[in-house]
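Chain by chain, the residues:
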Amino acid sequence: MENIVIIGNGVAGVTAARHIRKNSNKRIIIISAETDHFFSRTALMYVYMGHMKFDHIKPYEDWFWEKNRIELLRGYVSKVDHQKKELQIEDARILKYDKLILATGSKPNKFGWPGQDLHGVQGLYSKQDLDLLEINAPNREVCKRAVIVGGGLIGIELAEMLRSRDIPVTFLVRENSFWDIVLPDGESKMLNEHILEHHIDLRLETNLTEILADESGRVKAVITDKGETIECQMVGLTPGVSPNVSFLNDSGIELGRGIKVNRFLETNIKDIYAIGDCAEQNEPIGNRRPIEAVWYTGRMMGETVAQTICGNRTKYKPGHWFNSAKFLDIEYQTYGWVFSTNGRKEYEEHFHWRNSTEKICLTIAFHKETRKFLGINTFGIRLRHEIFDKWLNEGRDVMHVIKYLKDANFDPEFYAAYENEIADKFNLEYGSDIKPEKKNWKRIFAIG
Amino acid sequence: MSTLDKSMALTGQPPAALSRFQKLAVILGLSGLFIVLLAGFNVDFPNKGIWLIISLAAIFIGVFWFTKEAYAQKLKGIKNDGVWFKSISSKGLWAWITGITLTGFYIVLYFFPEYLGLVKNGSNTGIIALFDPLSRLLSGNPASQWFVYGSLYTVAILAFGIKFIWKYRHNRYEMIRTISVMFFQTAFAFIIPEIMARLNGKLPYYDLKNVWPLNYYNFERYRINAFIDSGDIGMAMLIFGILSVFVISPFLTYIYGKRWYCSWVCGCGGLAETAGDSFRQLSDKRLSAWKVERWVVHSVVVFVTLMTTAVIYSYLGNDTSKYWLTKNTFLIGVALILTFVFVLVMVFKREQFQKDALYGAIGYFTIIMALVGFHYFSGDGNVFLFKSETLRKSYGFLIGSIFSGVIGTGFYPIFGNRVWCRFGCPMAAILGFQQRLFSRFRITTNGGQCISCGNCSTYCEMGIDVRAYAQKGENIVRSSCVGCGICSAVCPRGVLKLENGPLKGRIDGNEVLLGNDVDLMTLVNEK
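Bear in mind the structure is a predicted one, so any value in this text is a computation, not a measurement. (Residues numbered from 1 in each chain as written. Chains lettered and ligands numbered in written order. Predicted model: local features only at pLDDT ≥ 70, side-chain atom pairs only at ≥ 80, totals over all residues.)

### Quick look at the overall build of chain B
Alright, step 1. Summing up its helical and strand segments, chain B has 21 helices and 2 strands in all.
Alright, step 2. Looking at chain B residue by residue over its 527 residues, the buried ones come to 45%.
Alright, step 3. When contacts within chain B are restricted to residue pairs at least 6 apart in sequence, long-range pairs at least 24 apart make up 72% of them. (Helix = DSSP H or I, 4+ residues; strand = E, 2+ residues; numbered from the N terminus. Buried ≥ 20, exposed ≤ 12 C-beta atoms within 10 Å, placed from the backbone. Contact = placed C-beta atoms within 7 Å.)

Below, the structure is given as structure tokens:
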């Protein structure tokens, strides 16, 4: 029986295991140094905030693994020997494999700041980071102020977490508006306002220079590039993540920033594959970046590699880009491509609408000349994934999107609807006369 | 793991700690209950009406004040910070104290009403006497233990209903739904029956929104006689009671799912959604709990069907010339209705049935048919194999009192707020059966947006593992879902939506994870 070993029990590795089991009887072993069981990494924040216990963020009950004959092994792989097809598990045994799937995920970035390894300085990625946070910032008496460095998704999550325990937070963001390397200006500005509403001390265009220690080696303050010293008991470093691949340095597996893979998710070594955050695509796929540290892409790669492992060699072909997040109280969804104001493609035009009272807005990107719909961002409005997937497949134009936007609304029943308001603004700006159509079940279900 | 102090919720750090004003609000609310308690120890309050008002007002204002302190200063959005740190909402000490106190109250209420001050053939004392002025105002009669219970129940739904609305003020579905349960409790369960009693003393107490089998006693002899004796209005109520079971409720469930009842109208649901909201996360989500649930709740359905049939049978006559509905016609009628439903399901919905549900249905159906058969072949005086009176009494005791009251509500802080609705309510089971097979309602999963975080499953009061469906891209069509909408509310990624749509595509067992390429989706779904 073929022996499939998967390093990493995150969503990519576990999805691969589940689908290999669905399609075959191969022996499956998942190795993880982090936890005994798979958990939802994106949900770690809710454990600290008291919304859930750690057990709740495990998507499968503990009996699931044995029932599906997926063997779980707790350990840290220190070396891969592809000639002997063996793994060295630190302080333990050697494990043989026939096929190896690397799904080792990411690790938090550190940019060589003075003091970045002091006690009280940490990232937020793993279960261990969560446990550490309970030590560094259990409450506002132990942690009278926290400083977060890095204005991305993890940074704002960490800020929300700490605020849930009433800990004062200073949030250092390099850019001149929150996450404006990804979001168009109107959206980014609305989030700045929302961050301030939550009593987070947001410092835009501010960088960390140095972290200072007290006599016991614990963090006591940070110094910013504006020359300011901010006293704090905890520093969260959240300037993004990079692939967790250093243990492969001398393995013969080709590395870039991540593990180099072709479109079949194969590495340069036969029978070794890489999926999820740690994989780096050799050739670009559409507008996608070569490394995508996103839950959904990890899951898709897991499904794809399982096909290949089970004898049906399959190319990784992700469909239309989509993503979502929640910034404090504001939900965000995106379908297709909407680039930031500065990062816009030369053919890309944006239509932006924001409600006058609520923190609700959207941006639709479309082609300047052809008016072809390229993508949409919404804040505070939920959208139907299937509909946008369909419109992108059909190559609809922006007028179609405005006209049938009600079909795509996915907000709970009785919510205030904004489609008419949105259409009015669009008509005004582009001199059109679009009347939004009522929601229609037949259109919604006319899929595939 | 957590280094937060979990011992007592009233102290400690945010978000588990209470503010100074919240502590005062708790004291105010408890002082209202304390007045009731004092009355229970026969402290004779002069001017009972005023003391009753003071007591109920203190409870109401206490809850209101607490709520204002909790939510008024916060931006609108999900308010679950510290739920698992607070003793009261995470099965801590306060939860056990509350649970045991509530359970004690229910035991006294159901089995020892004399301790509440109920005096047969005389004027009430104690707590019940405290409520006399209000009862006289509404119906003209002195209070009973049920009037006391109904009053406190209504105050709880109103006060905690306001709390719920404040908490979910960003969500109009939750607000409207809560206003609905508050209205139905106050008007239909509390005020209208009392006023009906004042207008027409012969009418049986009838909460019109209670439908058989929830009001399992509705077709008992004394009630039927009372309906008939009170003329047209009585007959209208009886006919409404029958129509509710066979026409109104199936129709509404077809259009909206069982939520039209369970989380918009029902009194049990009303209390669970308002006063019980802090305990929704305690429901058991394990697969094993789901198995137990299906066996227990469907057994209750069989029990109540048998019992009601037996009771009605016992008072019908044999002589067709006196009244068209005789013992025999009635039994044949019951058998026909059951067969009709069974055949309907077997012909149209067989594939949608999971295997064990199918076995269950066949099993139960066989039992009931066999019992009807026994009757015809044995021909003795009992119905089926039982004495109807014994059946009725044991149902009333086991299901009506112990299950729905003592366990169902008393154990809110330990087992969650919908234990009764999930494991015991025969009405919920029947509506659920229909919701699963003949309804437009579903919770739609939004393509591939699920991140398996688990908020939906954790906050599902019915113990449905919502995430198990959502992370596969499947819609959620479960008989137990009461449509409270909280899974959709707590979802951070906008994945879930309660909606009534066409039957086509409602149950989709495929792993449709959008964002993937189409060929892969086809491969993954190959069976």
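The discussion continues.
### Observations regarding the overall build of chain A
Alright, step 1. Each helix and strand counted, chain A has 12 helices and 25 strands in total.
Alright, step 2. Computed over the C-alpha atoms, the radius of gyration of chain A is 24 Å, within 12% of the 22 Å expected from 2.2 N^0.38 for a compact globule of 448 residues.
Alright, step 3. In terms of its C-alpha atoms, chain A occupies a principal-axis envelope of roughly 70 × 60 × 40 Å.
Alright, step 4. Taken over 448 residues, chain A has a buried fraction of 48%.
Alright, step 5. Considering only contacts within chain A whose residues lie at least 6 apart along the sequence, 61% involve residues at least 24 apart. (Rg over C-alpha atoms; globule rule 2.2 N^0.38 Å.)

### Quick word on the interface of chain B and chain A
When the parts of a complex come together, some accessible area is lost, and that lost area is often taken as the interface size.
Alright, step 1. Taken together, the 54 residues of chain B in the interface contact 55 residues of chain A.
Alright, step 2. Elements that contribute at least two residues to the side of chain B that touches chain A include exactly α6 (172-199), α18 (455-458), β2 (496-500) and α21 (518-524) of chain B.
Alright, step 3. Here the side of chain B that touches chain A is composed, by residue class, of 21 nonpolar, 23 polar and 10 charged. (Nonpolar A, V, L, I, M, F, W, Y, C, P; charged D, E, K, R; others polar.)

### Here we look at the nonpolar core
Alright, step 1. Counting 236 residues, the largest nonpolar core has Ala16(A), Ile101(A), Leu102(A), Ala146(A), Val235(A), Ile275(A) and Cys487(B) as the members making the most contacts within it.
Alright, step 2. Sort the elements by how many residues they give to this core and helix α5 (residues 145-167) of chain B lands first, with 10 residues. (Core = buried A, V, L, I, M, F, W, Y, C linked by C-beta atoms within 7 Å.)

### Looking at the packing of helix α1 (residues 11-23) of chain A against helix α7 (residues 295-309) of chain A
All names here are of chain A.
Alright, step 1. Contact geometry of α1 with α7 gives a least axis separation of 7 Å together with a crossing angle of 35 degrees. For the pair α1 and α7, the crossing hand works out as right-handed. Each of Val 11, Ala 12, Gly 13, Thr 15, Ala 16, His 19, Ile 20 and Asn 23 in α1 lies in contact with α7, whose residues at this interface are Trp 295, Gly 298, Arg 299, Met 301, Gly 302, Glu 303, Val 305, Ala 306 and Ile 309.
Alright, step 2. For the contact of α1 with α7, the class distribution of residues is 9 nonpolar, 6 polar and 2 charged. (Axes fitted to C-alpha atoms, helices over the stretch in contact; angles between N-to-C directions. Left-handed = near helix turned anticlockwise from the far one by under 90°.)

### Points about the environment of Ser263(B)
All names here are of chain B.
Alright, step 1. With respect to the element layout, Ser 263 can be found in the loop between α9 (259-262) and α10 (267-274).
Alright, step 2. A residue is classified by how many C-beta atoms lie within 10 Å of it, and Ser 263, with 27 of them, is buried.
Alright, step 3. In the structure, Ser 263 is positioned 110 residues away from Tyr 153 in sequence and 16 Å away in space, judged by C-alpha atoms.
Alright, step 4. Apart from residues lying up to four places away in sequence, Ser 263 is in contact with Arg 177, Gly 269, Glu 273, Val 482, Gly 483 and Cys 484.

### Considering the sheet that holds strand β4 (residues 77-81) of chain A
The strands making up a sheet associate through hydrogen bonds between their backbones, and the pairing can be parallel or antiparallel.
Residue and element names in this part refer to chain A.
Alright, step 1. Read across the sheet, 3 strands follow the order β4-β5-β6 without closing on themselves; strand pairing throughout is antiparallel. The open sheet has two edge strands with one neighbour each: β4 and β6 (94-96). Between one strand and the next, the sheet's axes are offset by a mean angle of 25 degrees, whatever the strand orientation.
Alright, step 2. As paired elements, strand β5 (residues 86-89) and β6 share 3 bridges and run antiparallel to each other. Bridging across to β6, Glu 86 finds its partner in Lys 96. (Pairing = 2+ DSSP bridges.)

### So, the pairing of strand β22 (residues 330-336) of chain A
Residues and elements named next belong to chain A.
Alright, step 1. In terms of burial, β22 is largely enclosed, as 6 of its 7 residues are buried.
Alright, step 2. Relative to β22, strand β21 (residues 322-327) runs antiparallel, the two sharing 6 bridges. Opposite Phe 322, over in β22, you have Tyr 335 as the bridge partner.
Alright, step 3. Connecting β21 to the next strand, β22, in antiparallel fashion are 2 residues, including Leu 328 with a positive phi near 55 degrees.
Alright, step 4. For β22 and strand β25 (residues 373-379), the ladder comprises 5 bridges, and the chain directions are antiparallel. Of the residues in β25, the one forming a bridge with Tyr 335 is Ile 376.

### Quick word on the sheet that holds strand β23 (residues 348-354) of chain A
Residue and element names in this part refer to chain A.
Alright, step 1. The strand order across the open sheet built from 5 strands is β21-β22-β25-β24-β23, with neighbouring strands paired in antiparallel fashion. Both edges of this open sheet fall to β21 and β23, since each of them pairs with a single strand only. Adjacent strand axes in the sheet meet at a mean angle of 10 degrees, parallel and antiparallel pairs treated alike.

### Some details on the environment of Gln128(A)
Alright, step 1. Tracing the backbone shows Gln128(A) in helix α4 (residues 127-136).
Alright, step 2. Along the sequence, Gln128(A) and Leu374(A) sit 246 residues apart, while their C-alpha atoms lie 40 Å from each other.

### Focus: the confidence of the model for chain B
Residues and elements named next belong to chain B.
Alright, step 1. Summary statistics for chain B give a mean pLDDT of 85 and a share of 90% for residues scoring 70 or more.
Alright, step 2. Counting interchain partners and residues more than four positions distant, the pLDDT-below-50 stretch residues 1-11 has 30 contacts.
Alright, step 3. Reported confidences for the modelled complex are a pTM of 0.93 and an ipTM of 0.95. (pLDDT = per-residue confidence, 0-100.)

### As for the packing of helix α8 (residues 231-256) of chain B against helix α17 (residues 426-437) of chain B
Residue and element names in this part refer to chain B.
Alright, step 1. Interaxial distance between α8 and α17 falls to 9 Å at its minimum, and their mutual angle equals 45 degrees. Viewed along their axes, α8 and α17 adopt a mutual orientation that is oblique. Considering how the two elements wind past one another, α8 and α17 form a crossing that is right-handed. Between α8, through Ser 249, Pro 250 and Thr 253, and α17, the contact on the second element is made entirely by Leu 431, Gln 434 and Gln 435.
Alright, step 2. Considered class by class, the residues forming the contact of α8 with α17 number 2 nonpolar, 4 polar and no charged. (Parallel < 35°, antiparallel > 145°, perpendicular 65-115°, else oblique.)

### Quick look at unusual backbone geometry
Alright, step 1. For the bond running from Pro14(B) to Pro15(B), omega is 5 degrees, close enough to zero to count as cis.
Alright, step 2. You can see Pro15(B) is positioned in the segment before α1 (20-40).
Alright, step 3. Cis rather than trans, the peptide bond between Trp212(B) and Pro213(B) has omega equal to 10 degrees.
Alright, step 4. Structurally, Pro213(B) is set in the loop between α6 and α7 (221-229).
Alright, step 5. A positive phi angle is found at Asp91(A), which is not glycine, with a value near 55 degrees.
Alright, step 6. Tracing the sequence through the fold places Asp91(A) in the loop between β5 and β6.
Alright, step 7. We classify Asp91(A) as exposed; it has 8 C-beta atoms within 10 Å.
Alright, step 8. Look at Arg371(A): it is not a glycine, yet its phi comes out positive at around 65 degrees.
Alright, step 9. Looking at where Arg371(A) falls in the secondary structure, it is placed in the loop between β24 (361-367) and β25.
Alright, step 10. You can call Arg371(A) partly exposed: it has 15 C-beta atoms within 10 Å.

### A few points about the environment of Pro243(A)
Residue and element names in this part refer to chain A.
Alright, step 1. Examined against the element boundaries, Pro 243 turns out to sit in strand β17 (residues 241-243).
Alright, step 2. On the basis of neighbour count, Pro 243 is assigned to the buried category, with 24 C-beta atoms found within 10 Å.
Alright, step 3. Spatially, the C-alpha atoms of Pro 243 and Pro 108 are 8.8 Å apart, while their sequence positions differ by 135 residues.

### Here we look at the pairing of strand β1 (residues 441-445) of chain B
In regular strands, side chains alternate between the two faces of the sheet.
All names here are of chain B.
Alright, step 1. Within β1, 5 of the 5 residues are buried, which leaves the element mostly enclosed by the surrounding structure.
Alright, step 2. Neither face of β1 is exposed, since Phe 441, Ile 443 and Thr 445 on one face and Arg 442 and Thr 444 on the opposite face are all buried.
Alright, step 3. In this sheet, β2 lies alongside β1 in antiparallel orientation, the contact comprising 5 bridges. Across the sheet, the residue bridging to Phe 441 is Asn 500, located in β2.

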